[in-house]
Amino acid sequence: MPKISTQPESQGRTQARGGLSDPELCYVIGSGPAAVACAKALLDAGRRVRMLDAGLTLEPDRVSLVEKLKRSHREEWTPAELAAYQAGMNPDVGGVPLKLVYGSDFAYREANEHLGVHYNNVGLRPSLAKGGLSNVWGAAMMPFLAGDIDDWPIKLSALAPHYSAVLQLSGLAACRDHLEELFPLYTDKFTELLPSRQSQQLLASMERRREALARAGLRFGRSRLAVRGNLPSSDGGCTYCRLCMYGCPYGYIYTSADSVSQLLNNSSFSYQSGVIIEQVRESSQGAEVLGYDKATLQPLAWQGSRAFLAAGTIATTRILLRSLAAYDQTAWLKDSQYFLVPLMLLRKVRGATREWLHALSQLFLEISDPCGSGTSAHIQIYSNNDLISQAVAATFGPLQRPLGFLVRDLQERLLVAQGFIHSRHSSRIAVCLKQDKTTGKDHLELRAELNPLARKAVRTLVSKLCRHAWSIGAMPLPVMLKVAEPGRSFHSGGSFPMSTEPRGFQTDLLGRPPGWERIHAVDATVFPSIPATTITFSAMANAHRIGSEAARQELPT
């Protein structure tokens with residue numbers, strides 16, 4: 001494999017290209033959850049940090065709409081305002097084509113233009129937004145199980161203190177329940193969210209048969225979300241306005257852009273937006289980051305002590321491949337297979353479509369060893385919300401009005417299960433950096449490599465749910481099962497996995513490719529495998545771990 005150049009760039013050239021040279025500064029590339037977690041760890045260790053980011057933000061007219069809804073009561077919102085706010089999602093029984101926020105696609109905008117990504121049956125997308133994909137995520141926060149990372153070179157105990165640390169950034173809405181037997185909360189400070197009446201009915205049914213479900217390897221509980229919930233002792237928090245899936249007008253759903261604003265209160269932190277990072281390299285003076293101004297295309301360079309890549313799995317993989325001049329070589333992104341299946345309540349909940357509620361995941365189901373390999377599966381259950389109601393109505397087409405009673409009956413019974421399985425049983429994504437010999441421009445090709453056993457694993461899991469439908473209180477509808485293309489979960493990574501003895505496209509326990517000392521990949525790019533439980537919480541924890549440990553290391557002489 002080509003090695004990174006160790007020849008230092010001249011100080012004059014760095015300054016001439018409009019960048020910054022500071023031998024004491026650490027650079028963090030990106031502003032997503034892993035980036036802010038790493039930056040926080042470095043700052044807490046006394047390091048100075050500069051965050052480099054493309055930093056796209058919501059359009060001003062959309063900001064005005066959000067502010068208008070925020071200032072008024074939910075019952076005062078007009079149909080026209082809500083239509084604009086909810087525009088573009090177009091839900092059907094397979095979900096939404098691409099999740100927007102506040103009716104905007106800014107979370108994905110300009111990514112293909114600047115990163116040159118070509119997709120072949122791949123659902124994963126990069127983001128150049130401030131806050132990255134946390135602008136559009138579902139806010140679910142579940143740690144990994146020790147058995148699901150038994151192929152990692154670190155133990156779950158190495159992540160534990162960092163789970164606790166990053167919750168200080170994101171906050172947590174949760175409750176104490178039987179999920180704690182396997183999944184610690186990692187904090188004593190959390191708020192709560194009221195479950196919907198559909199969810200309460202489901203919880204009551206499962207609680208009555210909890211021991212039988214546990215013997216079958218099914219554990220359940222309330223969802224854990226990076227959301228500002230409610231406290232008995234104070235006002236504020238979620239208002240149950242039903243708009244969660246379109247973006248919270250009050251800002252109660254955590255995004256890492258919130259953390260960037262908080263970090264700016266620290267005099268040792270600075271943030272530079274409007275830049276695209278293309279490659280990194282080391283020299284005897286430290287780490288160098290190379291890129292360009294997004295608006296002017298002017299080349300830029302920054303020199304400092306260390307660089308931490310947290311630009312998201314696609315962008316970080318691209319930066320590493322370009323830095324290694326690793327053209328026409330394949331790196332592999334692992335993926336947690338994603339699927340959707342409707343659940344039909346055995347007893348309908350009257351008025352469910354009119355209930356004020358939060359529309360994020362209401363319940364978690366954790367299923368041990370569904371595929372017979374010791375790994376677990378994770379399911380998030382969503383009760384009725386506007387997207388589900390629209391999808392149900394759309395299936396009836398022109399008959400939805402004359403059959404309105406049937407539509408309402410289905411809506412009051414229907415929930416959606418969003419599931420994930422371990423990458424060991426999922427498809428994967430080939431990533432290859434190509435260069436046009438005529439123009440000299442690079443592009444990144446992402447191609448799905450389907451695992452024929454992935455669909456079988458999902459169907460086995462859904463069959464298990466069917467067998468325990470009476471205990472769960474809801475029946476899955478396998479005929480409406482949707483198994484998504486690789487990457488659609490956005491739970492992907494591992495193109496440069498951590499290893500105790502890294503070689504090729506691998507990294508050490510601090511996210512450094514072979515021979516590198518000062519440049520670290522810190523996001524999910526370094527995960528050796530992708531467990532089924534939610535990825536962001538663990539990506540933040542591991543990035544915080546790497547930042548903490550790297551900050552303690554002395555630079556080699």
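Scroll up for the structure.
Residues numbered from 1 in each chain as written. Predicted model: local features only at pLDDT ≥ 70, side-chain atom pairs only at ≥ 80, totals over all residues. Heavy atoms only, no water.

### Here's the deal with helix 15 (residues 535-552)
Spacing of three or four residues puts side chains on the same side of an α-helix, whose turn is 3.6 residues.
Next, step 1: Helix length check: helix 15, at 18 residues, gives a terminal C-alpha distance of 26 Å against a target of 26 Å (1.5 Å per residue), a fit within 8%.
Next, step 2: Across the 18 residues of helix 15, 16 count as buried, placing the element largely inside the fold. (Helix = DSSP H or I, 4+ residues; strand = E, 2+ residues; numbered from the N terminus. Expected span 1.5 Å × (residues − 1). Buried < 20%, exposed > 50% of the residue type's maximum accessible area, 1.4 Å probe, protein only.)

### What to know about unusual backbone geometry
Next, step 1: Even without being glycine, Arg242 reaches a positive phi, approximately 80°.
Next, step 2: By secondary structure assignment, the location of Arg242 is in the loop between strand 5 (218-222) and helix 9 (256-263).
Next, step 3: The exposure class of Arg242 is buried, given its relative accessible area of 8%.

### A look at a nonpolar patch on the surface
Next, step 1: On the surface, a nonpolar cluster with roughly 330 Å² of combined accessible area is contributed by Leu346, Trp470 and Met475.
Next, step 2: By the secondary structure assignment, Trp470 is in helix 14 (residues 469-472).
Next, step 3: For Trp470, a relative accessible area of 62% gives the class exposed. (Patch = residues over 30% accessible without salt bridge, like charges linked within 9 Å, V, L, I, M, F, W, Y side chains within 5 Å. Areas by Shrake-Rupley, 256 points an atom, 1.4 Å probe, with all protein chains shown as cover. Salt bridge = Lys/Arg side-chain N within 4 Å of Asp/Glu carboxyl O.)

### Considering the side chain of His425
Next, step 1: By the element assignment, His425 lies in the loop between strand 15 (414-420) and strand 16 (428-435).
Next, step 2: In this structure His425 comes out as buried when scored by relative accessible area, which is 12%.
Next, step 3: Within the structure, His425 has its side chain in polar contact with the side chain of Thr375 (distance 3.1 Å).
Next, step 4: What His425 contacts, discounting residues up to four positions off in sequence, is Cys371, Ser373, Thr375, Asn451, Leu453, Ala454 and Ala457. (Polar contact = N/O pair within 3.5 Å; in protein donor to acceptor, adjacent residues only side chain to side chain. Contact = heavy atoms within 4.5 Å.)

### Digging into the sheet that holds strand 20 (residues 492-493)
Next, step 1: Ordered in space as 4-17-16-11-20, the 5 strands form an open sheet in which the pairing is mixed. Among the strands making up the open sheet, the edge pair consists of strand 4 (117-120) and strand 20.
Next, step 2: Note: strand 11 (residues 330-335) against strand 20, 2 bridges, orientation antiparallel. Counterpart to Lys334 in the pairing with strand 20 is Gly493.
Next, step 3: Packed onto the sheet, helix 10 (residues 313-323) meets strand 4, strand 11, strand 16, strand 17 (442-449) and strand 20 and runs at close to 125° relative to strand 17. (Pairing = 2+ DSSP bridges. Axes fitted to C-alpha atoms, helices over the stretch in contact; angles between N-to-C directions.)

### Some remarks on the nonpolar core
For soluble globular proteins, the rule of thumb is that nonpolar side chains tend to be buried together.
Next, step 1: Counting 136 residues, the largest nonpolar core has Met51, Phe269 and Val289 as the members making the most contacts within it.
Next, step 2: Sorting elements by how many residues they give to this core places helix 15 first, with 9 residues.
Next, step 3: The contacts of Val289, once residues within four sequence positions are left out, are Tyr27, Ile29, Leu52, Ile277, Gln279, Val280, Leu300, Ala301, Trp302 and Ala307.
Next, step 4: With 31 residues, the next largest nonpolar core counts Leu203, Leu213, Phe220 and Leu465 among its residues. (Core = buried A, V, L, I, M, F, W, Y, C linked by side-chain atoms within 4.5 Å.)

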